[in-house]
Amino acid sequence: MTIRPELMKNIRTTEPYVPGEQPQNKVIKLNTNENPYPPAPGVEEMLKKIDTDRLRLYPDPAAGSLVRALAEHYGVGEDQVFVGVGSDDVLSMCFLTFFNSDRPVLFPDITYSFYKVWADLYRIPYETVPLDENFRIVREDYYRENGGIIFPNPNAPTAVYEELDFVEDILSHNRDSIVIVDEAYVDFAGRSAMELVEKYDNLIVVQTFSKARSMAGMRIGYAVSNPELIRCLNDVKYSVNSYTMNMPSILCGAEALKDTEYFETTVRKIVETREWAKEELKRLGFVFPDAKANFIFARHPEVDADELFEALKEHDIYVRHWKGGRIGQYLRITVGTRREMKALFDFLGEYMKK
């Protein structure tokens, strides 16, 4: 049945974000930047302890135990922490809360594609700012009037990381705008903009448990900022859905923060595998920006990316590919285990001989 135009004219529509494939069969899955290692052992123990009778009750709307654990972990006040259902939920709330100007929000032209989706969905004006020829943000392009700024650091899908002085420069030139730094991958890169929260009242830093903490399935994201901006976020959250985070996620998230040694060991293993993988890709003739995330954004000058993407998929190796534009010849390859990466390189070695 076709809906009549008279009905459609008042229905909100948008072009949705397209997530990476989630194949159900046994494959080498290097397409969604998930952590190849399990969560901290304490998470499994916490799941065993949860009284299932509590699942009939609503969870704590303030996610108090998780907020307290995050505040203690980062050395900030509990009133400086906001939690949500993955960093996507947190970022969506940020768009809805803070980007309400007639001036355009600024973000890179090659970046996390959900930014455009939220801007369109919430009717927020925006401009995409071109990255330079090396896929780097040009800080001077953000020295102008705007309705807010958001960028990932490291950027996605390029994996390029900008040092803290670069982030501070953008903050200092935009004191009258909210600046959101999306740090989903910062644990694999360098210093976090968390260090600047006390200095800049216009800064919001967003992170996630999905990557470095191996808890994508739990959907835990959070923001750290000054108390006033966090209060504004919570006001919007409670106007949409008071009970956003489920009880197991709250308890397991707090537990995961306790095991610093496991966290650091897992991150180190991924970084070591990433650096080895970069050398292997270079040996095979691939070129890429210096990767500082848990993925590598690579192309081969002599091999069509679309054909290679399909060939990998036929051999049950999944990577991410966006067709067309400046990145049409690039593949985004998640850093898996050493065994998974070796299987990838074994295939690529044979493929390149054809």
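For the structure, see preceding data.
Residues numbered from 1 in each chain as written. Predicted model: local features only at pLDDT ≥ 70, side-chain atom pairs only at ≥ 80, totals over all residues. Heavy atoms only, no water.

K.L.:
Which residues make up the overall build of the protein, and what values do they have?
P.N.:
Helices and strands together make up the secondary structure of the protein, namely eleven helices and twelve strands. Over its C-alpha atoms the protein spans a radius of gyration of 21 Å, differing by no more than 12% from the 20 Å that the globule rule assigns to 354 residues. Projected onto the principal axes, the alpha-carbon positions of the protein cover approximately 60 × 55 × 50 Å. For the protein, the proportion of its 354 residues judged to be buried stands at 55%. Of the roughly 17000 Å² of accessible surface on the protein, a fraction of 49% belongs to carbon and sulfur atoms. The average position of the 43 basic charges and that of the 56 acidic charges among the side chains of the protein differ by 4 Å. (Helix = DSSP H or I, 4+ residues; strand = E, 2+ residues; numbered from the N terminus. Rg over C-alpha atoms; globule rule 2.2 N^0.38 Å. Buried < 20%, exposed > 50% of the residue type's maximum accessible area, 1.4 Å probe, protein only. Areas by Shrake-Rupley, 256 points an atom, 1.4 Å probe, with all protein chains shown as cover. Lys, Arg positive; Asp, Glu negative; His and termini not counted. Charge placed at Lys NZ, Arg CZ, Asp CG, Glu CD.)

K.L.:
Please provide a residue-by-residue account of the packing of aromatic side chains, values included.
P.N.:
One pass over the full model with this rule turns up 19 aromatic pairs. Their ring planes at 15 degrees and their centres at 4.3 Å tell us that Y58 and Y243 sit as a pair that is stacked. A residue pair is termed long-range when its members are at least 10 positions apart, and Y58 in the loop between α2 (41-49) and α3 (64-74) and Y243 in the loop between α7 (227-240) and α8 (247-256) qualify at 185 residues. Judged by relative accessible area, which is 66%, Y58 ranks as exposed. Through a chain of ring-to-ring contacts, three or more aromatic side chains come together here, namely F95, F99, F107, Y112, F114, Y115, W118 and Y126. Positioned above the aromatic ring of Y37 is the side chain of K269, whose terminal nitrogen or guanidinium carbon lies 4.0 Å from the ring centre. Taking the ring centre of W276 as reference, the NZ or CZ of R338 above it sits at 3.9 Å. (Phe/Tyr/Trp six-rings, centres within 6.5 Å; stacked < 30°, edge-to-face > 60°. Lys NZ or Arg CZ within 6 Å of the ring centre and 35° of its normal.)

K.L.:
Quick rundown of empty space enclosed by the protein? Include the residues and the values.
P.N.:
A complete count under the given rule lists three cavities of 30 Å³ or more for this structure. What the largest cavity holds in volume is close to 60 Å³. The wall of the largest cavity is formed by P39, A40, A212, R213, S214, A256, D259, Y262, F263 and T266. Broken down by element, the residue count for the lining of the largest cavity peaks at three residues, all from helix α9 (residues 260-283). Counted by class, the lining of the largest cavity contains six nonpolar, two polar and two charged residues. (1 Å grid on protein atoms, 1.4 Å probe; cavity = no way out; pocket = protein on both sides within 12 Å on 5 of 7 lines; lining within 4 Å. Points joined across faces, edges and corners; volume = space filled by probe spheres on them. Nonpolar A, V, L, I, M, F, W, Y, C, P; charged D, E, K, R; others polar.)

K.L.:
I'd like to hear about the sheet that holds strand β12 (residues 331-334), residue by residue, with values.
P.N.:
Taken in spatial order, the three strands make up an open sheet running β9-β12-β11, and their pairing is antiparallel. The open sheet has two edge strands, β9 (295-298) and β11 (320-321), and neither has a second partner. Running at roughly 35 degrees to β12, helix α10 (residues 305-314) makes contact with β11 and β12 of the sheet. (Pairing = 2+ DSSP bridges. Contact = heavy atoms within 4.5 Å. Axes fitted to C-alpha atoms, helices over the stretch in contact; angles between N-to-C directions.)

K.L.:
For the nonpolar core, give the residues involved together with the corresponding values.
P.N.:
Ranked by size, the top nonpolar core spans 53 residues in total, and within it L66, V83, L203 and F209 carry the most contacts. When residues in this core are grouped by element, the largest group, six residues, is from α8. Residues F286, L308, L312 and I317 belong to the second largest nonpolar core, which totals 40 residues. (Core = buried A, V, L, I, M, F, W, Y, C linked by side-chain atoms within 4.5 Å.)

K.L.:
An account of the side chain of E183 is requested, with residue identities and associated values reported.
P.N.:
Here E183 is to be found in the loop between β6 (179-182) and β7 (203-208). The buried charged residue E183 lacks any salt bridge partner; its closest oppositely charged side chain belongs to R191, at an N-O distance of 9.8 Å. A distance of 2.9 Å separates a polar atom in the side chain of E183 from a polar atom in the side chain of Q207. Excluding its chain neighbours within four sequence positions, the residues that come into contact with E183 are N153, S192, A193, V205, V206 and Q207. (Salt bridge = Lys/Arg side-chain N within 4 Å of Asp/Glu carboxyl O. Polar contact = N/O pair within 3.5 Å; in protein donor to acceptor, adjacent residues only side chain to side chain.)

K.L.:
Quick one: what's the story with a nonpolar patch on the surface, residue by residue and with numbers?
P.N.:
On the surface, a nonpolar cluster with roughly 340 Å² of combined accessible area is contributed by I3, L7, M8 and I11. Tracing the chain through its elements places L7 in helix α1 (residues 5-8). (Patch = residues over 30% accessible without salt bridge, like charges linked within 9 Å, V, L, I, M, F, W, Y side chains within 5 Å.)

K.L.:
Explain α7 residue by residue, including any values.
P.N.:
Counted at 1.5 Å a residue, the expected span for α7 with its 14 residues is 20 Å, and the 20 Å between its end C-alpha atoms agrees. Burial in α7 covers these residues: L229, I230, L233, N234, V236 and K237. The buried residues of α7 occupy one face: seen down the axis, they fall within an arc of 165 degrees. Buried residues in α7 make contact with β2 (81-84), α4 (86-98), β7 and β8 (221-224). In this structure N226 caps α7, since a side-chain oxygen of it lies 3.1 Å from the backbone nitrogen of E228. (Expected span 1.5 Å × (residues − 1). Arc of directions from axis to C-beta.)

K.L.:
I'd like a description of the pattern of salt bridges, backed by residues and values.
P.N.:
When the charged atoms of two side chains with opposite charge come close together, those side chains can pair. Scanning the entire structure with this criterion turns up 22 salt bridges. Residues K199 and E168 are paired through a salt bridge, measuring 2.5 Å at the closest nitrogen-oxygen approach. Residue K199 is found in the loop between β6 and β7, and its partner E168 is found in helix α6 (residues 164-172); the two are separated by 31 residues along the sequence. Residue K199 is classed as exposed on the basis of its relative accessible area of 54%. Taking the shortest distance from any N to any O, the salt bridge between R231 and E228 comes out at 2.6 Å.

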